[in-house]
Amino acid sequence: MIAHRLKIVGIVLTLFVTGVLMQFYGDAEKKNEQQRAIAKEVIRLHVIANSDSDADQNLKMKVKETVVTYLRGAMSEAENVEQAREIIQTHLREVEEIASEKIREEGYDYRVSTELGESYFPIKEYGDLTFPAGNYQALRVQIGESAGHNWWCVMYPSLCFVDSTYQVVPENSKEKLKTALTEEEYNSLLEGGKNVTYSSKIWEWAKKIVHIAQYQMDTF
């Protein structure tokens, strides 16, 4: 009898673990799908410093401000991500030139390279929007040896802040995201990737399994 009850507890525990893994996999896959959908509608900016020295990191921020200010003007008329991509591609040489000029103004002779391609980005907050980690199309600006810490933002829709002490996402940028994304995808940016439903289900399953196991043990 005891062996039979232990077998039942084992089966219930196995079902519980299987359910948790299936829920986890489904939740992870859903988040990956949302990230890929979001990535199709944005272009990010990735500026990489020559090194991690204070001077090089300070230079990186000055180059960033120069590039952001220039592109914000050039991309002001872009109505969708395709137009934004074309504008950036057309102005790659100019971005490289203004970045190089800024570096020379600051007394350095580092080379600069620019390219529009795919890069991996960690999870990142911009105002009240949180973009999930994953691959995104990005304008990469590499300074010198490109061996230092980098700086990134969303170039389209414009979520780049020249003044980092005042980070309020422009409403017109939010509207562009709302138009390009589904309601669920946009809400995921506001929720920061949290999945309350998933946590709630896990907690309910945990309480049930503990109750069943406790009942079986009490009847031994």
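Structure shown above.
Residues numbered from 1 in each chain as written. Predicted model: local features only at pLDDT ≥ 70, side-chain atom pairs only at ≥ 80, totals over all residues. Heavy atoms only, no water.

Undergrad: Before we move on, could you go through unusual backbone geometry and cite the residues and values that matter?
TA: The linkage connecting Tyr156 with the following residue, Pro157, adopts the cis geometry, with an omega of -10 degrees. Locating Pro157 in the fold gives a position in the loop between strand S6 (150–156) and helix H5 (171–180). (Helix = DSSP H or I, 4+ residues; strand = E, 2+ residues; numbered from the N terminus.)

Undergrad: So what's going on with the packing of aromatic side chains? Residues and values would help.
TA: This model, assessed by the stated rule, comprises 4 aromatic pairs. Summarising the aromatic geometry, the rings of Phe121 and Tyr136 are spaced 6.0 Å apart at their centres and angled 90 degrees between planes, so their arrangement reads as edge-to-face. Taken together, the positions of Phe121 in strand S2 (residues 112–121) and Tyr136 in strand S5 (residues 134–143) put the pair 15 residues apart, joining distant regions of the chain. Across the pair, exposure class does not vary: Phe121 and Tyr136 are buried alike. A cation sits over an aromatic face here: Arg44 above Tyr136, 4.5 Å from the ring centre. (Phe/Tyr/Trp six-rings, centres within 6.5 Å; stacked < 30°, edge-to-face > 60°. Buried < 20%, exposed > 50% of the residue type's maximum accessible area, 1.4 Å probe, protein only. Lys NZ or Arg CZ within 6 Å of the ring centre and 35° of its normal.)

Undergrad: Residues and numbers for helix H2 (residues 54–74), please.
TA: In an α-helix there are 3.6 residues to a turn, and that puts residues three or four apart on one side. Across its 21 residues, H2 extends 30 Å between first and last C-alpha, which sits within 8% of the 30 Å expected from 1.5 Å per residue. Residues Asp56, Gln57, Leu59, Lys60, Val63, Lys64, Val67, Val68 and Leu71 constitute the buried set of H2. Packed against the buried residues of H2 are strand S1 (43–48), helix H4 (92–105), S5 and S6. (Expected span 1.5 Å × (residues − 1). Contact = heavy atoms within 4.5 Å.)

Undergrad: Which residues make up the nonpolar core, and what values do they have?
TA: Ranked by size, the top nonpolar core spans 44 residues in total, and within it Leu45, Phe131 and Leu139 carry the most contacts. When neighbours within four sequence positions are excluded, Phe131 is seen to be in contact with Ile38, Val42, Arg44, Pro122, Ile123, Lys124, Tyr126, Tyr136, Val154, Leu159, Leu177 and Leu189. (Core = buried A, V, L, I, M, F, W, Y, C linked by side-chain atoms within 4.5 Å.)

Undergrad: Explain the sheet that holds S6 residue by residue, including any values.
TA: Two strands in a sheet stick together by hydrogen bonds in their backbones, pointing the same way (parallel) or opposite ways (antiparallel). Here 4 strands make up an open sheet; going across it, the order is S2-S5-S1-S6 and the pairing mixed. Only two strands of the sheet have a single neighbouring strand rather than two, namely S2 and S6. Ignoring which end each strand starts from, the neighbouring axes of this sheet average 30 degrees apart. The pairing of S1 with S5 spans 5 bridges and is classified as parallel. Bridge pairing links Leu45 to Leu139 in S5. (Pairing = 2+ DSSP bridges. Axes fitted to C-alpha atoms, helices over the stretch in contact; angles between N-to-C directions.)

Undergrad: I'd like a description of the environment of Glu184, backed by residues and values.
TA: Relative to the elements of secondary structure, Glu184 occurs in helix H6 (residues 183–191). In this structure, the C-alpha to C-alpha distance between Glu184 and Gln34, residues 150 residues apart in sequence, is 8.5 Å. Setting aside anything within four residues of it in sequence, one finds Glu184 in contact with Lys30 and Gln34.

Undergrad: Would you mind going over the packing of H2 against H4 in detail, with residue names and values included?
TA: Packed helices, taken two at a time, are described by the angle between their axes plus the distance between the axes. Between H2 and H4, whose axes approach to 9 Å, the crossing angle comes to 140 degrees. The angle between H2 and H4 places the two elements in the oblique class. The chirality of how H2 crosses H4 is right-handed. Mapping the contact onto sequence places Leu59, Lys62, Val63, Thr66, Val67, Tyr70 and Leu71 in H2 and Glu94, Val95, Ile98, Ala99, Lys102 and Ile103 in H4. Here the contact of H2 with H4 is composed, by residue class, of 9 nonpolar, 1 polar and 3 charged. (Parallel < 35°, antiparallel > 145°, perpendicular 65-115°, else oblique. Left-handed = near helix turned anticlockwise from the far one by under 90°. Nonpolar A, V, L, I, M, F, W, Y, C, P; charged D, E, K, R; others polar.)

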